[in-house]
Amino acid sequence: CGVPSEDDADAMAYYNSLPDSLKRVFLSMTQGKSGSAIVSQNGESSLYAYCPLGIHNMSICVVSPLNEAFHLVYGLSRMLLLCLALLCLTGILGTFSLSVRVSALIQWIVEQTAILARGDTAIQDKKLPYGKTREIHSLKSAVFSLSHSLQAILSDLEAHSGRLKNTVSD
């Protein structure tokens, strides 16, 4: 289990010359574990990353000089932070764009309501953001319906007012 047979003197001699941390990596690999370890050997440090394959009790081990591994991790970290910053920027710009479009819709409603409040029933049609959305279309239709209702009431009131004026003058 991770230790060569004592009958093989060359393999045993090589195994005994290995650092204890590398012996633990070999032992973990033969036991089907996964993990990583930093091993110093002959003045150089290396990163050992290992994982069982699930085929015939085999494991795969990737060995990389430690400085290269840290450069790789540093590069991945920078890329991750850049992606995170771009994601946040996209979210902020999307939120701003959405708020501008919704604000334009609310501004149109306020303007048309002010026109109706002054008694002018000739409201202006305008292409609105999200105009094809059912709720926005319903709201726009309701504003125009209110305008037409007020226009009918005011015309009726004007006609009755004219008749009343004629009756009073007679």
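Residues numbered from 1 in each chain as written. Predicted model: local features only at pLDDT ≥ 70, side-chain atom pairs only at ≥ 80, totals over all residues. Heavy atoms only, no water.

**Some thoughts on the overall build of the protein chain**
The criterion, for reference: Strands are runs of DSSP state E lasting at least 2 residues, helices are runs of H or I lasting at least 4, and numbering of each runs from the N terminus. The quantity called the radius of gyration is restricted to C-alpha atoms. Its globule counterpart is 2.2 Å times the number of residues to the power 0.38. Each residue is placed in one exposure class: buried if its accessible area under a 1.4 Å probe, protein chains only, is under 20% of its type's maximum, exposed if it is over 50%, and partly exposed if it falls in between. It only takes one pair of heavy atoms within 4.5 Å for two residues to be counted as in contact. For accessible areas, the Shrake-Rupley method is used with a probe of radius 1.4 Å. Any residue's cover is judged against the shown protein chains and nothing else. By the counting scheme adopted, Arg and Lys are positive, Glu and Asp are negative, and His together with the chain ends is not counted. All charge positions are set by atom: Lys at NZ, Arg at CZ, Asp at CG, Glu at CD.
When its secondary structure is counted, the protein chain shows four helices and three strands. Seen in sequence order, the protein chain has helices and strands lined up from the N terminus as α-α-β-β-β-α-α. Computed over the C-alpha atoms, the radius of gyration of the protein chain is 40 Å, more than 25% above the 15 Å expected from 2.2 N^0.38 for a compact globule of 170 residues. Along the three orthogonal principal directions, the C-alpha set of the protein chain runs to about 135 × 35 × 20 Å. Burial status across the protein chain gives 19% buried among its 170 residues. Within the protein chain, residue pairs in contact and separated by at least 24 positions form 24% of the contacts whose partners lie at least 6 positions apart. As presented, the protein chain carries roughly 12900 Å² of accessible surface, and 62% of it is formed by carbon and sulfur atoms. Averaging the positions of the 13 positive and the 14 negative side-chain charges in the protein chain gives two centres separated by 15 Å.

**A few points about the sheet that holds strand S1 (residues 35-41)**
Going by this rule: Pairing between strands requires that DSSP locate at least two bridges from one strand to the other. What counts as an axis is a line fitted to C-alpha atoms, over the stretch in contact for a helix, and the angles between N-to-C directions run from 0 to 180 degrees.
In space, the three strands of this open sheet follow the order S1-S2-S3, with antiparallel pairing throughout. Bordering the open sheet on either side are S1 and strand S3 (59-65), each of which pairs with just one other strand. Along the sheet, successive strands turn relative to each other by an average axial angle of 25°, direction set aside. Where S1 and strand S2 (residues 44-52) come together, seven bridges link them in antiparallel fashion. From the neighbouring strand, Gln-41 faces S2, where its bridge partner is Glu-44.

**Comments concerning helix H3 (residues 66-117)**
Which entries qualify depends on this criterion: Multiplying one less than the number of residues by 1.5 Å gives the expected span of a helix.
The first and last C-alpha atoms of H3 sit 75 Å apart over 52 residues, in line with the 76 Å expected at 1.5 Å per residue. Against the buried residues of H3 lie S1, S2, S3 and helix H4 (134-169). Gly-119 sits one or two positions beyond H3 and adopts a positive phi of about 95°.

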